[in-house]
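Single-letter residue listing:
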Amino acid sequence: MKLPYGANEDDFENIKKIVSEFTNNDKNLDESTLEIMNIAYSTGGDYSDETLIAYVKAYFEMNSTNKNS
């Protein structure tokens, strides 16, 4: 697994814990975590809990909206 520039395994595990609070889908937990990390990196966000919670909420709201379309 390739993490975004500047991220490390500790960042990944921390973000994974946050993501797990918003989903029951353990099958895609790593994939969702990595995608959110990439979104945060590409938009210039950092990996602070506050920033990531905002990204995680938006990510799951967006995905639930797309599934209902």
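A brief structural summary. (Residues numbered from 1 in each chain as written. Predicted model: local features only at pLDDT ≥ 70, side-chain atom pairs only at ≥ 80, totals over all residues. Heavy atoms only, no water.)

## What about the overall build of the protein chain?
Okay, so step 1: Secondary structure summary: the protein chain contains 3 helices and 0 strands in total.
Okay, so step 2: The C-alpha atoms of the protein chain give 11 Å as radius of gyration, which agrees with the globular expectation for 69 residues (11 Å, within 12%).
Okay, so step 3: A burial count over the protein chain gives 30% of its 69 residues as buried.
Okay, so step 4: Sequence separation of at least 24 residues holds for 51% of the intrachain contacts in the protein chain that already meet a minimum separation of 6.
Okay, so step 5: Counting only carbon and sulfur atoms, one obtains 46% of the accessible surface of the protein chain, whose full area is about 4800 Å².
Okay, so step 6: Distance between charge centroids for the protein chain: 6 Å, based on 6 positive and 13 negative side chains. (Helix = DSSP H or I, 4+ residues; strand = E, 2+ residues; numbered from the N terminus. Rg over C-alpha atoms; globule rule 2.2 N^0.38 Å. Buried < 20%, exposed > 50% of the residue type's maximum accessible area, 1.4 Å probe, protein only. Contact = heavy atoms within 4.5 Å. Areas by Shrake-Rupley, 256 points an atom, 1.4 Å probe, with all protein chains shown as cover. Lys, Arg positive; Asp, Glu negative; His and termini not counted. Charge placed at Lys NZ, Arg CZ, Asp CG, Glu CD.)

## Here we look at the environment of phenylalanine 12
Okay, so step 1: You can see phenylalanine 12 is positioned in helix α1 (residues 9–20).
Okay, so step 2: The class of phenylalanine 12 is buried, set by a relative accessible area of 2%.
Okay, so step 3: Separated by 25 residues in the primary sequence, phenylalanine 12 and methionine 37 have C-alpha atoms spaced 7.9 Å apart.
Okay, so step 4: When near neighbours in sequence (up to four residues on either side) are disregarded, phenylalanine 12 contacts Met1, Leu3, Asp30, Thr33, Leu34 and Met37.

## Observations regarding the nonpolar core
Okay, so step 1: In this structure, Val19, Ile36, Met37, Tyr47 and Leu52 are the most contacted members of the largest nonpolar core, which totals 16 residues.
Okay, so step 2: For this core, the elements supplying multiple residues, two or more each, are α1, α2 (29–42) and α3 (49–67).
Okay, so step 3: Broken down by element, the residue count for this core peaks at 5 residues, all from α2. (Core = buried A, V, L, I, M, F, W, Y, C linked by side-chain atoms within 4.5 Å.)

Fair warning: the whole summary comes from geometry, so function is off the table for now.
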